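Residue-level listing of the chains:
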Amino acid sequence: MAGGLPHGRPRSRAVTPEDAKRFIRANTALMAPPHVPEIRLHLADEAHELWEKTEEELAEIGLPPPFWAFAWAGGQGLARYILDHPDSVRGKRVLDFASGSGLVAIAAAMAGACEVVAADIDPFCAAAIALNGEANGVSPLFVGNDIIGTDDGWEIVLAGDVFYQKDFAERLVEWFSELRRRGADIVVGDPGRSYLPKERLDPLAVYQVPVTRALEDAEVKRTTVWRFG
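In short, a report on the structure. Note that the structure is predicted; figures quoted are calculated from it, not measured.

**Here we look at helix α6 (residues 166–181)**
Taking 1.5 Å of rise per residue, 16 residues should cover 22 Å, and α6 covers 23 Å from first to last C-alpha, within 8% of that figure. Listed in full, the buried residues belonging to α6 are F168, A169, L172, W175, F176, S177 and L179. Elements in contact with the buried residues of α6: β3 (93–97), β6 (156–160), β7 (185–190) and β9 (220–228). Backbone geometry just after α6 places G183 at a positive phi near 115 degrees.

Right, dumping it as structure tokens:
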């Protein structure tokens, strides 16, 4: 998820890009995720009214739960790995799947990827990623449709916090397998979500990632970066 809209969540009603940007600026603060201090994102802290709204209240104003406003553990771990190992993406065409805030896409761009596509079905992510990219001096491309099953020739696919729902995880394993067979590198960040396909994964790095208790069950999540094989 890395901050993106979970599979099965309702999409928001149509909003203009400027309306979305105004909402994000009004309900977040520009801050650095604790495990990736090199990057600044528009994030909602636990004191913001945004996190006090119920899902029903958010739906009334046309906003899905704002996962783009939180630096999830899997995304933080994956971004940390990319910044620490820039050769993994340097000069490559990169897809950041379920991009959310754009944290991983921004890390890839900063590490020297020649092209970075940030994909997420939540339309608010387009505004969040544009604002966050601007704050870090990079400009990831944004794709807002469901791209599972497609192949645009990416050399590396990055995915943080995506194995949280059984049906969705099964779709991802099938898609990732197809991409892997033709030679794409698939790298996943995950803090132990329920449907992580460990039998298909090889560990690359392990991090202790500080997170907020607003959405997680602990203040620090043990997060592994894996290569899908």
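**As for the packing of helix α1 (residues 17–27) against helix α5 (residues 124–135)**
Running from N to C, α1 and α5 cross one another at 65 degrees; their axes reach a closest spacing of 9 Å. If you check the angle between α1 and α5, you find them roughly perpendicular. Seen along the crossing, α1 lies across α5 with a hand that is right-handed. Residues P17, A20, K21, F23, I24 and R25 of α1 touch α5, and the partners they reach there are F124, A127, A128, A130 and L131.

**What to know about unusual backbone geometry**
If you check the backbone angles, A98 has positive phi at about 55 degrees while not being a glycine. Within the fold, A98 resides in the loop between β3 and α4 (103–110). Positive phi, normally seen in glycine, also occurs at D161, with a value near 55 degrees. Structurally, the position occupied by D161 is in the loop between β6 and α6.

**Quick word on the environment of D152**
Within the element layout of this structure, D152 appears in the loop between β5 (141–143) and β6. Given a relative accessible area of 47%, D152 falls into the partly exposed group. Between the C-alpha atoms of D152 and L95, which are 57 residues apart in sequence, the distance is 9.2 Å.

Rules used throughout
- Residues numbered from 1 in each chain as written.
- Predicted model: local features only at pLDDT ≥ 70, side-chain atom pairs only at ≥ 80, totals over all residues.
- Heavy atoms only, no water.
- Helix = DSSP H or I, 4+ residues; strand = E, 2+ residues; numbered from the N terminus.
- Expected span 1.5 Å × (residues − 1).
- Buried < 20%, exposed > 50% of the residue type's maximum accessible area, 1.4 Å probe, protein only.
- Contact = heavy atoms within 4.5 Å.
- Axes fitted to C-alpha atoms, helices over the stretch in contact; angles between N-to-C directions.
- Parallel < 35°, antiparallel > 145°, perpendicular 65-115°, else oblique.
- Left-handed = near helix turned anticlockwise from the far one by under 90°.

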